[in-house]
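Here is how the chains run, residue by residue.
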Amino acid sequence: MDYIIPQSTPNKFSLSPAYGNAIDQLNTSIDALPEVFEDHRDAARAASVIATIAGIKKLIDKAHAELKKPFLDAGRELDAIKKKETAILDALKNKINDRIVAYQRAEQEKLRKAQEEAARKQAEIEDAARKERENLSPELQIAHAAATDIVVQRTAQETIAAAQATPVAGMRINRTVKILSVDIATLIKTRFDLCNVEANLIAIKKEILSGNKIPGVEYRIDETAACRAASVNATKFDY
């Protein structure tokens, strides 16, 4: 007997009239039982009602399993397609990920060297200006120092600006920390505040990403390129 039946609307279900009748009969049978059982016949009637309830539950379970199976099969098929295609797309991404990361590292190194060069030029300009001011009057020394500051700032800005790469819209490099091992004894001696590794895992990773070395902690930093998802036309790619 089908107690759960599909409706005309796709993926919608309802309880059958037969199920409603069965529930009504159960209520009638239960109402007919005395509040206090007097003999074995009352207990037998109650046991019969419970057996009927168990039978109805079994039919409900069976209908549920049968009606749900096509959806489970479809879900598994969709999961398999997603898993396969996601792996393909990730493989395509990985083909160029290392190149993007290498480019970003090279640009960061170029910027670092430019900052060092700017600092070197600043020191040279300030040293030369200091020597020039030695023979000037106090009033001219003040003006000369102000002019030197302007030259120093402009030189630093130009040096660094020349090394800065044009930003790539929507792209960033994600850096994640993988903790490989922890020497608790060393950590307790040097960073007692972090010795509860599980509770302080986020804080430890943040410190590592900020450039701090934590004695006793071995780690690896993975870098992956991340780009904002584009609105994709399935028939046109603008490359």
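Small disclaimer: the values here were computed from a predicted structure and weren't measured. (Residues numbered from 1 in each chain as written. Predicted model: local features only at pLDDT ≥ 70, side-chain atom pairs only at ≥ 80, totals over all residues. Heavy atoms only, no water.)

A. Geometry of the overall build of the chain. Scanning the chain from N- to C-terminus turns up five helices and four strands. Seen in sequence order, the chain has helices and strands lined up from the N terminus as β-β-α-α-α-β-α-α-β. Each of the 239 residues in the chain was classed as buried or not, and the buried ones make up 16%. In the chain, 63% of the contacts between residues at least 6 apart in sequence involve partners at least 24 apart. Of the roughly 18200 Å² of accessible surface on the chain, 57% is carried by carbon and sulfur atoms. (Helix = DSSP H or I, 4+ residues; strand = E, 2+ residues; numbered from the N terminus. Buried < 20%, exposed > 50% of the residue type's maximum accessible area, 1.4 Å probe, protein only. Contact = heavy atoms within 4.5 Å. Areas by Shrake-Rupley, 256 points an atom, 1.4 Å probe, with all protein chains shown as cover.)

B. Region of interest: a nonpolar patch on the surface. Residues I88, L89 and L92 make up a contiguous nonpolar surface patch of about 280 Å² in total accessible area. With a relative accessible area of 45%, L92 lands in the partly exposed category. (Patch = residues over 30% accessible without salt bridge, like charges linked within 9 Å, V, L, I, M, F, W, Y side chains within 5 Å. Salt bridge = Lys/Arg side-chain N within 4 Å of Asp/Glu carboxyl O.)

C. Representation of the environment of I23. Relative to the helices and strands, I23 resides in helix α1 (residues 17-31). Sequence spacing of I23 and I56 is 33 residues, and the spatial spacing of their C-alpha atoms is 9.2 Å.

D. Here's a closer look at the side chain of S16. Its location among the elements puts S16 in the loop between β2 (13-15) and α1. Here S16 falls in the buried class, since its relative accessible area comes to 7%. When near neighbours in sequence (up to four residues on either side) are disregarded, S16 contacts D2, Y3 and I5.

E. Region of the structure containing the pattern of salt bridges. Using the criterion set out here, one finds eleven salt bridges in the structure. For R41, the salt bridge identified is with D39, shortest N-O distance 3.0 Å. Between R191 and E207 there is a salt bridge, and its shortest N-O distance comes to 2.7 Å. Note that R191 is positioned in the loop between α4 (184-190) and α5 (201-209) and E207 in helix α5, a separation of 16 residues in sequence. For E207, a relative accessible area of 18% gives the class buried. Connected via shared salt-bridge partners are K69, D73 and R76.

F. Just the nonpolar core, in detail. By size, the foremost hydrophobic cluster in this structure holds seven residues: V177, L187, L194, I204, I208, I214 and V217. For V177, the contacting residues outside a window of four places in its chain are K205, I208, L209, Y219, R220 and I221. Grouped together as the second largest cluster of nonpolar side chains are five residues, Y3, A22, L26 and I56 included. (Core = buried A, V, L, I, M, F, W, Y, C linked by side-chain atoms within 4.5 Å.)

G. Structural detail: the side chain of D42. Inspection of the secondary structure puts D42 in helix α2 (residues 40-133). Looking at D42, the relative accessible area reads 9%, which means it is buried. In terms of polar contacts, D42 uses its side chain to reach the backbone amide nitrogen of E38, at 3.0 Å. For D42, the residues in contact, after removing those within four places along its chain, are L33, P34 and F37. (Polar contact = N/O pair within 3.5 Å; in protein donor to acceptor, adjacent residues only side chain to side chain.)

H. Spatial organisation of the packing of α1 against α2. Remark: α1 packs on α2, axes separated minimally by 11 Å, with the N-to-C direction vectors making an angle of 160°. Here α1 is positioned roughly antiparallel relative to α2, judged by the angle of their axes. Taken as a pair, α1 and α2 cross one another with a handedness that is left-handed. Residues Y19, A22, L26, S29 and I30 of α1 lie in contact with α2, whose contacting residues are V49, T52, I53, I56 and I60. Split by residue class, the contact of α1 with α2 holds eight nonpolar, two polar and no charged. (Axes fitted to C-alpha atoms, helices over the stretch in contact; angles between N-to-C directions. Parallel < 35°, antiparallel > 145°, perpendicular 65-115°, else oblique. Left-handed = near helix turned anticlockwise from the far one by under 90°. Nonpolar A, V, L, I, M, F, W, Y, C, P; charged D, E, K, R; others polar.)

I. View of the confidence of the model for the chain. On average, residues of the chain carry a pLDDT of 82, and 87% of them reach 70 or more. For the chain, the element scoring lowest by mean pLDDT is helix α3 (residues 138-163), at 72; α1 scores highest, at 92. (pLDDT = per-residue confidence, 0-100.)

J. Region of interest: α2. Taking 1.5 Å per residue, 94 residues should reach 140 Å; α2 reaches only 118 Å between its end C-alpha atoms and comes up short. Along its length, α2 reaches its greatest deviation from straightness, about 40°, at K69, and the proline P70 lies no more than four positions downstream. (Expected span 1.5 Å × (residues − 1). Bend = angle between axes of the 7 residues up to and from the residue.)

K. Representation of the environment of E124 within the structure. Among the structural elements, E124 can be located in helix α2. By relative accessible area, which is 45% here, E124 ends up partly exposed. Linking E124 and V152, residues 28 residues apart in sequence, is a C-alpha distance of 9.6 Å.

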